[in-house]
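# Working through the structure, step by step
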Amino acid sequence: MVSIHTFEIKAFLTGREHKEIKKKLGVPDKRQSWTEHRYNNNGIQIILYKGRSKGFIYIKYIINLKRVLDGTDYIHLLKPTDENLSRVWKKVMETWDEIGCGVPFGRFYLSRVDLTCDVYFETEDLVHEYIRLLNKSILLSSLQKISVEGIYHGKKMTKEMRSDLERNCCKFRITTCEDIQFYNKMYELKKENIPIPEIAIDDGYNILRIELQIHETKRITELLRSVHIYNAPIDEQFFYLIKNADLLLIDRLEKLYTHGDYHNKDHIMDLIENDPLIKKKSKERVIRFIEDCNKNIILGRCLELDGQNGHMRGRKKALRYLSRYDISPIVISSHMKEYDSLPDIFKLVNECSAYQFICA
């Protein structure tokens, strides 16, 4: 299904308000920053911190939606029904009533939203293959790719650890306000030593998580203005975003991927060779484009290099030709012999949105 996994809200505090809330939380006088863990089992973390500008003090809520209602569930996404959302918001408001010292809740604003889609596969090999395919076919520069060290907070790692991580996750910085990542959810739980429910083990969950992280207020403000709800109360803003998470995610993916299913190399070559509508020279150009794209660079970087070399027009023609046949230039790995084709990211997200395969 498609939902919001985690979101953040924050508010500015005056010096007096900061002192009162610190006292309420039992924070030592000398501490300016503080992470409050009393609500962690309910999926809510609260942080007091000083902003980059001198004198600005903030309080921030980090909220894992599913765990607000079920503190032990680290796997599933929350189904965005009115009842579920009202229960989540009620819980958030209860915590603020306990610690807010009379500061108006209306001062809070959205500062981060993670639009998230979970795709369930029959095998872990398919999860690995999709991470590779989505990494290779993105229309971004390889310079925008975040290293596995960056994903895992700069931890030192062996070649084996790096290889293992690269099979199970990839992440790109789209803009200074947005990241997108794809990862093996079950691998993450095992790596973080998080208990896995029996149902997930018994049913053999293999989950590809697709996550668009909007982590700057500036971008969220643009989004809210674009749908004319910037001046609405924060709960209405949030309800709109989560109920339209599938449309918002698809809209962003349209800028990052071309439409086209993934196929094995033989299928694509047969199509090109037997197409009577294009000339031999054009066929050679398309084949060369496919071979270049499947070398050790991503599609966006391939187009970028071709643009620098003056070949962009020909490459774009080749890409348009493949798109007409609903084909991606990135081919399925040769070891995945049982699959002649795999649906593109748009079909995956649309199917998850339509069927909401596993939710609560």
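Our structure is the block above this text.
Below: a short report on this structure.

Parameters at a glance
- Residues numbered from 1 in each chain as written.
- Predicted model: local features only at pLDDT ≥ 70, side-chain atom pairs only at ≥ 80, totals over all residues.
- Heavy atoms only, no water.
- Buried < 20%, exposed > 50% of the residue type's maximum accessible area, 1.4 Å probe, protein only.
- Helix = DSSP H or I, 4+ residues; strand = E, 2+ residues; numbered from the N terminus.
- Arc of directions from axis to C-beta.
- Contact = heavy atoms within 4.5 Å.
- 1 Å grid on protein atoms, 1.4 Å probe; cavity = no way out; pocket = protein on both sides within 12 Å on 5 of 7 lines; lining within 4 Å.
- Points joined across faces, edges and corners; volume = space filled by probe spheres on them.
- Nonpolar A, V, L, I, M, F, W, Y, C, P; charged D, E, K, R; others polar.
- Axes fitted to C-alpha atoms, helices over the stretch in contact; angles between N-to-C directions.
- Parallel < 35°, antiparallel > 145°, perpendicular 65-115°, else oblique.
- Phe/Tyr/Trp six-rings, centres within 6.5 Å; stacked < 30°, edge-to-face > 60°.
- Lys NZ or Arg CZ within 6 Å of the ring centre and 35° of its normal.
- Salt bridge = Lys/Arg side-chain N within 4 Å of Asp/Glu carboxyl O.
- Pairing = 2+ DSSP bridges.
- Core = buried A, V, L, I, M, F, W, Y, C linked by side-chain atoms within 4.5 Å.
- Left-handed = near helix turned anticlockwise from the far one by under 90°.

Before going further, it helps to examine helix α1 (residues 15–25). In an α-helix, one turn spans 3.6 residues; hence positions three or four apart end up facing the same way. Those residues of α1 not exposed but buried are Glu 17, His 18, Ile 21, Lys 22 and Leu 25. What you see down the axis of α1 is that its buried residues fit within an arc of 135°, all on one side. Residues of α1 that are exposed and point more than 90 degrees away from the buried face comprise Arg 16, Lys 19 and Lys 23. On the buried face of α1, the contacting elements are β1 (2–13), β2 (34–36), β3 (44–50), β4 (57–64) and α3 (82–99). The first or second residue beyond α1 is Gly 26, which carries a positive phi of 75°.

Evaluation of the coordinates by the stated rule reveals one cavity of 30 Å³ or more. Looking at the largest cavity, its volume works out to about 50 Å³. In terms of lining, the largest cavity is formed by Ser 137, Tyr 257, Thr 258, Gly 260, Tyr 262, Leu 299, Ser 328, Asp 344 and Ile 345. Its residues placed into classes, the lining of the largest cavity shows four nonpolar, four polar and one charged.

All right, on to the packing of helix α10 (residues 234–243) against helix α11 (residues 245–253) then. Running from N to C, α10 and α11 cross one another at 65°; their axes reach a closest spacing of 4 Å. Taken together, α10 and α11 sit at an angle that is classed as roughly perpendicular. Taken together, the residues of α11 that come into contact with α10 (itself represented by Leu 241, Ile 242 and Lys 243) are Ala 245, Asp 246 and Leu 248. Counted by class, the contact of α10 with α11 contains four nonpolar, no polar and two charged residues.

Next up on the list: the packing of aromatic side chains. The full count for this structure, using the stated rule, is 18 aromatic pairs. With a centroid separation of 5.4 Å and 90° between ring planes, the pair formed by Tyr 120 and Tyr 205 is classed as edge-to-face. Of the two residues, Tyr 120 is situated in strand β5 (residues 109–120) and Tyr 205 in the loop between α8 (198–202) and β9 (207–214); the sequence distance between them amounts to 85 residues. Tyr 205 shares its class with Tyr 120; the two are buried. Among the aromatic residues, ring-to-ring pairing joins Phe 7, Tyr 61, Trp 89, Trp 96, Phe 105, Phe 108, Phe 238 and Phe 239 into one connected group. Directly above the aromatic system of Tyr 49 lies the positively charged group of Lys 60, at a separation of 5.4 Å from the ring centroid. Here Arg 225 stacks its cationic end above the ring of Tyr 230, 4.0 Å away from the centre of that ring.

Attention shifts here to unusual backbone geometry. Unlike most non-glycine residues, Cys 101 shows phi in positive territory, near 55°. In this structure, Cys 101 sits in the loop between α3 and β5. Relative accessible area serves as the criterion here: at 35%, Cys 101 is assigned to the partly exposed category. For Asp 326, which is not a glycine, the phi torsion comes out positive at approximately 60°. Summarising the element assignment, Asp 326 is placed in the loop between α15 (312–324) and β11 (327–331).

The subject of this paragraph is the pattern of salt bridges. Inspection of every chain in the model, using the stated rule, returns 24 salt bridges. Connected through salt bridges with shared partners, the residues Glu 8, Lys 60, Arg 112 and Asp 114 form a single ionic network.

Mapping Glu 188 onto the fold places it in helix α7 (residues 185–191). Along the primary structure Glu 188 and Asn 168 are separated by 20 residues, whereas in three dimensions their C-alpha atoms are 8.4 Å apart.

Let us look at the sheet that holds β5. Across the sheet, which stays open at both edges, the nine strands sit in the order β2-β3-β4-β1-β5-β9-β8-β7-β6 with antiparallel pairing between neighbours. In this open sheet, the two strands that pair with only one neighbour each are β2 and β6 (145–146). In this structure, strand β7 (residues 169–175) lies alongside strand β8 (residues 178–184), joined through six bridges in antiparallel fashion. Residue pairing for β8: Thr 175 is matched across the bridge by Glu 178. Helix-sheet contacts for helix α4 (residues 124–137) involve β6, β7, β8 and β9, and the interaxial angle to β8 is about 155°. Taken strand by strand, α10 contacts β1 and β5, and its axis lies near 20° from that of β5.

A few words on the nonpolar core. The biggest cluster of nonpolar side chains holds 96 residues, and the ones touching the most others in it are Tyr 61 and Leu 208. Setting aside its immediate chain neighbours within four residues, Tyr 61 contacts Phe 7, Glu 8, Ile 9, Ile 44, Gln 45, Ile 46, Val 92, Thr 95, Trp 96, Ile 99 and Phe 108. Residues Val 148, Tyr 152, Tyr 183 and Tyr 187 belong to the second largest nonpolar core, which totals eight residues.

Once that is clear, we can look at the packing of helix α12 (residues 265–273) against helix α13 (residues 280–293). Geometry of a packed helix pair, given as the angle between the helix axes and the separation of the axes. Two elements in contact, α12 and α13, have axes whose closest approach is 10 Å; the angle formed by their N-to-C orientations is 165°. For the element pair α12 / α13, the angle class is roughly antiparallel. Here α12 and α13 pass one another in a crossing that is right-handed. Residues Lys 265, Ile 268, Met 269, Ile 272 and Glu 273 of α12 touch α13, and the partners they reach there are Lys 283, Val 286, Ile 287, Ile 290 and Glu 291. Looking at the contact of α12 with α13 residue by residue, the class counts come to six nonpolar, no polar and four charged.

The analysis is restricted to geometry; functional conclusions fall outside its scope.
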